[in-house]
Amino acid sequence: MAKIEPGRVAVTGAAGKLGRAVVAHLRASGWDVLSVDRVRPASGGGEFLVVDLTDYGQVLEVLTGRVDEHVGPVDAVVHLAAIPAPGLLPNSATFANNAPASWNVFNAARAAGIRNVVWASSETVLGLPFDMPPPYVPVDEEYRVRPETTYSLVKALEEEMAHHLCRWDPELKMIGLRFSNVMDPEDYASFPSFDADPALRKWNLWGYIDARDGAQAVRRALEHDATGVDVFIVANADTVMSRASAELVAECYPGVEVRKELGRNETLLSIDKARRILGYEPEHSWRNES
Ligand SMILES: NC(=O)c1ccc[n+]([C@@H]2O[C@H](COP(=O)([O-])OP(=O)(O)OC[C@H]3O[C@@H](n4cnc5c(N)ncnc54)[C@H](O)[C@@H]3O)[C@@H](O)[C@H]2O)c1
């Protein structure tokens, strides 16, 4: 696998749950990280800028390396900033933040000549909360997106936008990572309680992503030497449940085609493509950490 060497990367949403893990991992992996967010991270060092990504002028200054005291070219962008779920704000407010922020980052990257863009898409584009059952399991990247909320609609628009931006510029690489539900180690204490009721977490097929494994996927996407757009589901290799995956599907999604023989707790959000193309391999199961 050809690899891009670490350079200078702007990380948006750096103060957030995933952003904190991504910044720590990229810095430890030799990347020179410019952290960007509209709020300061509670902890963690490194270069940081308060930026409102809905203001194109600010984003352009940052990505063209023109901000006083932060001058210098940026080689790559990891765009994680967003209102991170449906229902946190009214739909129009979610749209009014997330869609312009992503357009501004993508367009300013183009204007700055940055050809390496990785951003947070979401598992929601697979059809969460699966009121309409998934077409088959494990779900993968092979069927058309099914956003069911305004939050997810913006993620689907980002994927579509990336497709066309890469068509316009054949040297551009844009990788969308469809993260599952992000977890920190302290979240694992509640996992055993999920077992009592399979309906509690059926909305995302009992998936999760450890923030540190999410960060690994970001680094691998950043260092992946390619052009064009691609999207990858990023989840852990197992589910949040102790009960067998095949049993959960039979109980909650009867009649849905099971396309492979499932390991006992195997994820129903397929990570085969990320494994195959990015070399991604989760390292932090909740089973070993709680
Ligand atoms: N948390 C999850 O379970 C989950 C699942 C799938 C995808 N994602 C995606 O991953 C990304 C990171 O999610 P997270 O869980 O770390 O969320 P988070 O809320 O912890 O972090 C998001 C950060 O983005 C910043 N931000 C939002 N709008 C901004 C703006 N206009 N300008 C500057 N900063 C802005 C916020 O201040 C926040 O620090 C998001 O794009 C989210 O949609 C999250």
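Everything quoted here is computed from the prediction, not taken from an experiment.

So, on to the packing of aromatic side chains. This model, assessed by the stated rule, comprises nine aromatic pairs. Taking the centre distance of 5.4 Å and the plane angle of 70° together, the rings of Phe 106 and Trp 119 count as edge-to-face. Note that Phe 106 is positioned in helix α3 (residues 91-111) and Trp 119 in strand β5 (residues 116-122), a separation of 13 residues in sequence. For the pair shown, Phe 106 and Trp 119 are each scored as buried. When the ring of Phe 191 is compared with that of Trp 286, the centres are 5.3 Å apart and the planes differ by 55°; the resulting orientation is tilted. With a gap of 95 residues between them, Phe 191 in the loop between β8 (182-183) and β9 (209-210) and Trp 286 in the segment after α7 (272-278) connect regions that are remote in the sequence. For Arg 259, the ring lying beneath its charged end belongs to Tyr 136, and the centroid distance is 3.7 Å. In this arrangement the basic side chain of Lys 273 is found over the ring face of Phe 232, its NZ or CZ atom lying 4.8 Å from the centre.

With five of five residues buried, strand β1 (residues 8-12) is to be regarded as a mostly interior element. Burial along β1 is two-sided: Arg 8, Ala 10 and Thr 12 facing one way and Val 9 and Val 11 facing the other are all buried. In the sheet, β1 pairs with strand β2 (residues 32-37) via five bridges, with the strands oriented parallel. The residue bridging Val 11 from the neighbouring strand is Ser 35, located in β2. Pairing of β1 with strand β4 (residues 76-79) involves four bridges; the strand directions are parallel. Bridge pairing links Thr 12 to His 79 in β4.

Counting residues in each nonpolar core, the largest one holds 59 residues, and the members touching the most others are Val 11, Val 78 and Leu 177. Top element by residues in this core is helix α5 (residues 211-223). It accounts for six residues. The residues contacting Val 78, other than those within four sequence positions of it, are Val 9, Ala 10, Val 11, Thr 12, Val 22, Leu 26, Val 118, Val 218 and Leu 222. Within the second largest apolar cluster, 26 residues are counted, among which are Leu 49, Val 59, Val 77 and Leu 165.

Overall, parallel pairing links the seven strands, which are arranged β3-β2-β1-β4-β5-β7-β10 in an open sheet. Two strands bound the open sheet, and with one partner strand each, they are β3 (47-50) and β10 (228-234). The mean angle between the axes of side-by-side strands here comes to 20°, regardless of whether they run parallel or antiparallel. In this structure, strand β7 (residues 173-179) lies alongside β10, joined through seven bridges in parallel fashion. The partner of Gly 176 across the bridge, within β10, is Val 231. Across the face of the sheet, α3 comes into contact with β1, β4, β5 and β7 while running at roughly 175° to β4. Relative to β7, α5 is tilted by about 165°, and along the sheet it contacts β1, β4, β5, β7 and β10.

Taking a probe equal in size to a water molecule and rolling it over the atoms shows the remaining empty space. Tallying each qualifying case throughout the model produces one cavity of 30 Å³ or more. Per-class residue counts for the lining of the largest cavity are seven nonpolar, one polar and no charged.

Okay, the layout of surface pockets next. Taken as a whole, the largest pocket spans an internal volume of roughly 830 Å³. The wall of the largest pocket is formed by 38 residues, among which Ala 82, Ile 83, Pro 84, Ala 85 and Tyr 151 lie closest to the centre. For the lining of the largest pocket, the per-class residue count stands at 20 nonpolar, twelve polar and six charged. For the lining of the second largest pocket, the secondary-structure elements that each account for two or more residues are α4 (150-168) and β10. Counting residues per element, the lining of the second largest pocket draws most heavily on α4, which supplies six residues. Residue composition of the lining of the second largest pocket, grouped by class: eight nonpolar, one polar and seven charged.

With that out of the way, let us pick up the site of the ligand. Around the ligand, the structure places 26 residues, and the nearest of them are Leu 18, Asp 37, Leu 80, Tyr 151 and Asn 181. Contact between the ligand and Leu 18: an oxygen atom at 2.8 Å from a main-chain N or O atom of the residue. Here a nitrogen atom of the ligand and a side-chain polar atom of Asn 97 are 2.9 Å apart. Computed on the free molecule, the ligand has an accessible area of 820 Å², of which 89% lies beneath the protein chains in the complex. Its atoms largely coinciding with the cavity grid, the ligand occupies the largest pocket. Only α1 (17-28), β5 and α4 provide two or more residues apiece to the shell around the ligand. Examining the composition of the shell around the ligand, we find that three residues originate from one element, β5, more than from any other. By residue class, the composition of the shell around the ligand is 13 nonpolar, eight polar and five charged.

Reading the values: the criteria
Residues numbered from 1 in each chain as written. Predicted model: local features only at pLDDT ≥ 70, side-chain atom pairs only at ≥ 80, totals over all residues. Heavy atoms only, no water. Phe/Tyr/Trp six-rings, centres within 6.5 Å; stacked < 30°, edge-to-face > 60°. Helix = DSSP H or I, 4+ residues; strand = E, 2+ residues; numbered from the N terminus. Buried < 20%, exposed > 50% of the residue type's maximum accessible area, 1.4 Å probe, protein only. Lys NZ or Arg CZ within 6 Å of the ring centre and 35° of its normal. Pairing = 2+ DSSP bridges. Core = buried A, V, L, I, M, F, W, Y, C linked by side-chain atoms within 4.5 Å. Contact = heavy atoms within 4.5 Å. Axes fitted to C-alpha atoms, helices over the stretch in contact; angles between N-to-C directions. 1 Å grid on protein atoms, 1.4 Å probe; cavity = no way out; pocket = protein on both sides within 12 Å on 5 of 7 lines; lining within 4 Å. Points joined across faces, edges and corners; volume = space filled by probe spheres on them. Nonpolar A, V, L, I, M, F, W, Y, C, P; charged D, E, K, R; others polar. Near = heavy atom within 4 Å. Polar contact = N/O pair within 3.5 Å; in protein donor to acceptor, adjacent residues only side chain to side chain. Areas by Shrake-Rupley, 256 points an atom, 1.4 Å probe, with all protein chains shown as cover. Sits in = over half its atoms within 2 Å of the grid points.

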